[in-house]
Amino acid sequence: LVSGDPIGPRAALPGLLGELCGFAEARGLAIGVLGASEELAELAAAAGFGSFYIGDEAIVDLAAFSLEGRSIRKVRQAVTRARKAGYTATVQRMGDLSEGALRELEDLSERWRGDEPERGFSMAIDSLRGEHLSESLVVVARDAEGAARGFLHFAPCYGRAAMSLGLMRRDRDTVNGLTEYLVVSAIEMLRERGVEEISLNFAAFARLLRDPNGLGERALGR
C-alpha cells in the first residue's frame, strides 16, 4: 500500500513506479495507492492502475463562509437551537489551559467514548496533553450553568494560515446540533484570529452527494 506520493525528483517517478510494479508482480502482490496527488494518479493510470473515488477532505474557506441561504438552513437552525438553549463557546490555546480545565475536557472525552478505548484515526490527535500541543487551539461549548459539554481541537498547519480538526467530543445528552454549533463558532472565532481555512477532515463520498456525475453516481449518492 502506497500512502501519499513518493519523495524525490519528479523525473524519477515513472521509473520508480515501474520498479514497484515489477517488484509486486514477481512476488504476487497487489498494489494500492491512497492519497495520491493528481500527478501521481496520472502516472499510475499510464502504468495500468484504475482509480476509485472514496471522498474528499472537507475544507472551509473562513472568509467565504456564511450562514445565509437555503443550502445551509439546517446548520443555521442547529446553531440557533444551541444558542437558545444557553450554550456559549470560547477558544483557547492548549498551552494556556489550567490543569482543572484540561481534566474537564478529558472527562468529557471519557463520557463520549463510554466503554470504548481511544483508538484515534489517521488524522486524529489521541491526547490533549504534551508540549507539542501547546500552540493548538480548543473551542469549548458550555451550557447555561458553565459546564463544558463539547469541544473541538484544532492543530495548526505551519507555514500557512490554516488549522486542521484533531478531536471532536460532546456529551451524548446535549442539545441536537451542538456539533454544528461548535463548528460554526470555531469558524467565527478562528477567522477573528487570522485563520483563513480549516480542515474538518474526511468526508466520505462527498462528491456523490454534492455533485453527482451521471445516473450511476446519482443512484450511489441517493
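Please refer to the structure higher up on the page.
Reference entry: report on the structure contained in this document. Everything quoted here is computed from the prediction, not taken from an experiment. (Residues numbered from 1 in each chain as written. Predicted model: local features only at pLDDT ≥ 70, side-chain atom pairs only at ≥ 80, totals over all residues. Heavy atoms only, no water.)

Here's the deal with the overall build of the protein
In step 1: Each helix and strand in the protein was counted, giving seven helices and eight strands.
In step 2: Seen through its C-alpha atoms, the protein measures out along the principal axes to roughly 65 × 45 × 40 Å.
In step 3: Relative to its 222 residues, the protein shows a buried fraction of 32%.
In step 4: Long-range pairs, those at least 24 residues apart, make up 70% of the contacts in the protein with a sequence separation of at least 6.
In step 5: Total accessible area on the protein is roughly 13800 Å²; 52% of this is exposed by carbon and sulfur atoms. (Helix = DSSP H or I, 4+ residues; strand = E, 2+ residues; numbered from the N terminus. Buried < 20%, exposed > 50% of the residue type's maximum accessible area, 1.4 Å probe, protein only. Contact = heavy atoms within 4.5 Å. Areas by Shrake-Rupley, 256 points an atom, 1.4 Å probe, with all protein chains shown as cover.)

Re the pairing of strand E5 (residues 137-142)
In step 1: Of all the six residues making up E5, five are buried; the element is thus mostly covered by neighbouring parts of the structure.
In step 2: Pairing of strand E4 (residues 88-93) with E5, which is carried by six bridges, proceeds in the antiparallel orientation. Considered in E5, the bridge of alanine 89 is made with alanine 141.
In step 3: Pairing geometry for E5 and strand E6 (residues 148-157), over six bridges, is antiparallel. Following the sheet pairing, alanine 141 is matched in E6 by glycine 150.
In step 4: Counting the residues in the hairpin turn of E5 and E6 gives five residues, including glycine 146, whose phi is positive at 90 degrees. (Pairing = 2+ DSSP bridges.)

Points about the side chain of threonine 174
In step 1: Topologically, threonine 174 is positioned in the loop between strand E7 (162-170) and helix H5 (178-192).
In step 2: Within polar-contact distance, the side chain of threonine 174 engages the backbone oxygen of aspartate 171 at 2.7 Å.
In step 3: Not counting the four nearest positions on each side in its chain, threonine 174 is found in contact with Tyr87 and Arg149. (Polar contact = N/O pair within 3.5 Å; in protein donor to acceptor, adjacent residues only side chain to side chain.)

Considerations on unusual backbone geometry
In step 1: Of note in the backbone geometry, asparagine 201 takes a positive phi value of approximately 75 degrees without being a glycine.
In step 2: Of note, asparagine 201 is situated in strand E8 (residues 197-204).
In step 3: At phenylalanine 205, a position not held by glycine, the phi torsion is positive, near 55 degrees.
In step 4: Topologically, phenylalanine 205 is positioned in the loop between E8 and helix H6 (206-210).
In step 5: Using a relative accessible area of 37% as the deciding quantity, one classes phenylalanine 205 as partly exposed.

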